[in-house]
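Chain by chain, the residues:
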Amino acid sequence: MEFTGIIKKGNRFVRRKYNAADEATLEDTLLAQNVKVVELKQKNLNTKRRRVPKKYVLQLFGKMRICYGINMPILDTLELCQNVIPNKNLKLTLKEIREKVASGVNIASCLWEYPNIFPPVICRLVEVGYNSGKMKEACTKIFYMLNIAAHTRRKIVSAMYYPGMVFIALVFAVYVLITKTIPTFVTLFQGAGIALPLPTRMLVVITNTLTAQPLVTFLCVIGLIAGIMALPKLYAHSYLFQKLMLHIFPFGNLLSYSQKLTTVSTLYTILEAQVPMLNALRMTRNAVSNINFKEALVDAIASVNKGSGLSDGLEPHSELLSPELVKSLKFAEETGATVQILDSLQKEYEEGLEYQITLFKEAIQPVITVIIAVVVLFILLALFLPMFNMTQVIGK
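In what follows, the accompanying structure is described. (Residues numbered from 1 in each chain as written. Predicted model: local features only at pLDDT ≥ 70, side-chain atom pairs only at ≥ 80, totals over all residues. Heavy atoms only, no water.)

Remarks on a positive patch on the surface
- A surface patch of like charges, here positive, comprises Arg-51, Lys-54, Arg-153, Arg-154 and Lys-233.
- Note on placement: Arg-154 falls in helix H7 (residues 135-191). (Patch = residues over 30% accessible without salt bridge, like charges linked within 9 Å, V, L, I, M, F, W, Y side chains within 5 Å. Areas by Shrake-Rupley, 256 points an atom, 1.4 Å probe, with all protein chains shown as cover. Salt bridge = Lys/Arg side-chain N within 4 Å of Asp/Glu carboxyl O. Lys, Arg positive; Asp, Glu negative; His and termini not counted. Charge placed at Lys NZ, Arg CZ, Asp CG, Glu CD. Helix = DSSP H or I, 4+ residues; strand = E, 2+ residues; numbered from the N terminus.)

Side note on H7
- The end-to-end C-alpha distance of H7 is 80 Å, a good match for the 84 Å that 57 residues give at a rise of 1.5 Å each.
- At Ile-182, H7 is deflected by roughly 45°, the largest bend along its length, and proline Pro-183 occurs up to four residues later in sequence. (Expected span 1.5 Å × (residues − 1). Bend = angle between axes of the 7 residues up to and from the residue.)

As for helix H11 (residues 251-272)
- Across its 22 residues, H11 extends 32 Å between first and last C-alpha, which sits within 8% of the 32 Å expected from 1.5 Å per residue.
- Counting buried residues in H11 gives 18 out of 22 residues, a clear majority hidden from the surface.
- With its phi angle positive at about 65°, Gln-274 sits one or two positions after the end of H11. (Buried < 20%, exposed > 50% of the residue type's maximum accessible area, 1.4 Å probe, protein only.)

Points about the pattern of salt bridges
- Counted according to the given criterion, the structure contains 10 salt bridges.
- With a shortest N-O distance of 2.3 Å, Lys-100 and Glu-113 are connected by a salt bridge. Placement of the pair is Lys-100 in helix H4 (residues 88-102) and Glu-113 in the loop between helix H5 (107-111) and helix H6 (120-132), with a sequence separation of 13 residues.
- When its relative accessible area of 22% is taken as the criterion, Lys-100 is described as partly exposed.
- When salt bridges that share partners are traced, they join Glu-27, Asp-28, Arg-282 and Arg-285 into one network.

Description of the nonpolar core
- Formed by 76 residues in total, the largest nonpolar core has its most connected members in Leu-60, Phe-61, Leu-90, Ile-97, Phe-118, Ile-122 and Val-126.
- Residue contacts for Val-126: discarding those within four places in its chain leaves Phe-61, Ile-107, Ala-108, Leu-111, Met-135 and Ile-142.
- If you look at the next biggest cluster of nonpolar residues, it comprises 13 residues, including Leu-170, Val-174, Phe-189 and Leu-203. (Core = buried A, V, L, I, M, F, W, Y, C linked by side-chain atoms within 4.5 Å. Contact = heavy atoms within 4.5 Å.)

Observations concerning the packing of aromatic side chains
- A complete count under the given rule lists 5 aromatic pairs for this structure.
- Between Phe-13 and Tyr-239 the ring centres are 4.8 Å apart and the planes differ by 65°, which places this aromatic pair in the edge-to-face class. Here the residue Phe-13 occupies a position in strand E2 (residues 12-19), and Tyr-239 occupies one in helix H10 (residues 239-245), the gap between them amounting to 226 residues.
- Geometrically, the ring pair formed by Phe-61 and Phe-118 is edge-to-face, given 6.3 Å between the ring centres and 90° between the ring planes. Of this pair, Phe-61 sits in helix H2 (residues 54-69) while Phe-118 is found in the loop between H5 and H6, placing the two residues 57 residues apart along the sequence.
- By relative accessible area, which is 1% here, Phe-61 ends up buried.
- By relative accessible area, which is 1% here, Phe-118 ends up buried. (Phe/Tyr/Trp six-rings, centres within 6.5 Å; stacked < 30°, edge-to-face > 60°.)

Thoughts on the side chain of Gln-346
- Summarising the element assignment, Gln-346 is placed in helix H17 (residues 338-395).
- On the basis of relative accessible area, Gln-346 is assigned to the buried category, the value being 0%.
- Residues contacting Gln-346, with those up to four places away along its chain left out, are Tyr-144, Ile-148, Leu-261, Val-264, Ser-265, Tyr-268 and Thr-269.

A closer look at the environment of Phe-167
- Examined against the element boundaries, Phe-167 turns out to sit in helix H7.
- With residues near it in sequence (within four places) discarded, Phe-167 still touches Leu-224 and Ile-228.

Thoughts on the sheet that holds strand E3 (residues 36-43)
- Spatial strand order, E2-E1-E3: 3 strands in an open sheet with antiparallel pairing. What marks the edges here is a single partner per strand, and that holds for E2 and E3. Neighbour to neighbour, the strand axes of the sheet diverge by 20° on average, direction disregarded.
- In this fold helix H1 (residues 23-32) packs onto strand E1 (2-9), E2 and E3, with an angle of close to 155° to the strand it touches most, E3.
- Its contacts with the sheet place helix H13 (residues 291-305) against E1, E2 and E3, and it is angled at close to 105° to E3. (Pairing = 2+ DSSP bridges. Axes fitted to C-alpha atoms, helices over the stretch in contact; angles between N-to-C directions.)

Quick look at the environment of Leu-224
- Within the secondary structure layout, Leu-224 lies in helix H9 (residues 214-237).
- Note: C-alpha distance between Leu-224 and Ile-371 (147 residues apart in sequence) is 17 Å.

Considerations on unusual backbone geometry
- Notably, Asn-71 is not glycine yet its phi reads approximately 60°, a positive angle.
- Checked against the element boundaries, Asn-71 lands in the loop between H2 and helix H3 (74-84).
- Taking the relative accessible area as the measure of exposure, Asn-71 reaches 70% and is therefore exposed.
- At Gln-274, a position not held by glycine, the phi torsion is positive, near 65°.

Structural data, given as structure tokens:
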């Protein structure tokens, strides 16, 4: 099999290609060579490129855990899910999986062919459940993990509604002012033969551009929308952007907290399924989306592999993860209650997410107020400074 890996060499991230029998063997080989693997993906030319919204994947495993709970045969389970779930791509995927399972292929192997629908952490949990005969438990854990991720995502999106709506209203108001109101004042000032100050000249250029070149205006609007929509993809592929986002106020705190929740909840779910710590950390590394958290988990993997504790590898990253989290994990290792304490930490972070979102909303409001004040001040200066000059000319 061919794999594409991203490894860390010093302060640089390097993309490499590897050939190995399977992912676990390659991970172990690279770990023995002290190679820090940040990401590792299998290159499979037969993988399907379909995409399915996460809410339908959540719905799928919700149905599957119920079906396994009543001992429904796998073929009947897949057929039921195929008929119930409304998404066309997932329906087609389930149909193909059902045909392969009917021909003798196990369901865990089938999921690997759809990486855009089923990420590695889900495939691994299904693999563990299938091999141990505990598919109900595996589906329940996947459903619980996806539900937490969906809840976190909904909360963050809802927190962005207010600044988003204010931004749209501000752009619309400024556009109306510049294209409908400002030209009247500009004509008046130019007719009076008054020397226009810098803010007014800048506003005149903006007004002329928006009114005289509507195509440019349209392209700018399209470019702005496309830029905003491209931010998630930029975040996913740019490690520099991921690092910067953690330090941008007020988004950094909310992003950091959501990544802590993802780290704790994923690690808890996988360890509760009795997956070895080393493999659990690798799967958690693949689940988090921020490079700083991936680096912390990479160090934790190296620490566990050397025989040290999980907390020893995370200690250098205590400022990122919070000292309380690292100390809790250290206590968990000493008492042999890692799963139980991770469960408590997960519940604590779930409850704390609401508070973090409240803080985010309280912090974003002054920022928006400052932006509005700056825009309004600029327009007022551009309008009133020529008026003062006009008053002086009339007085003379």
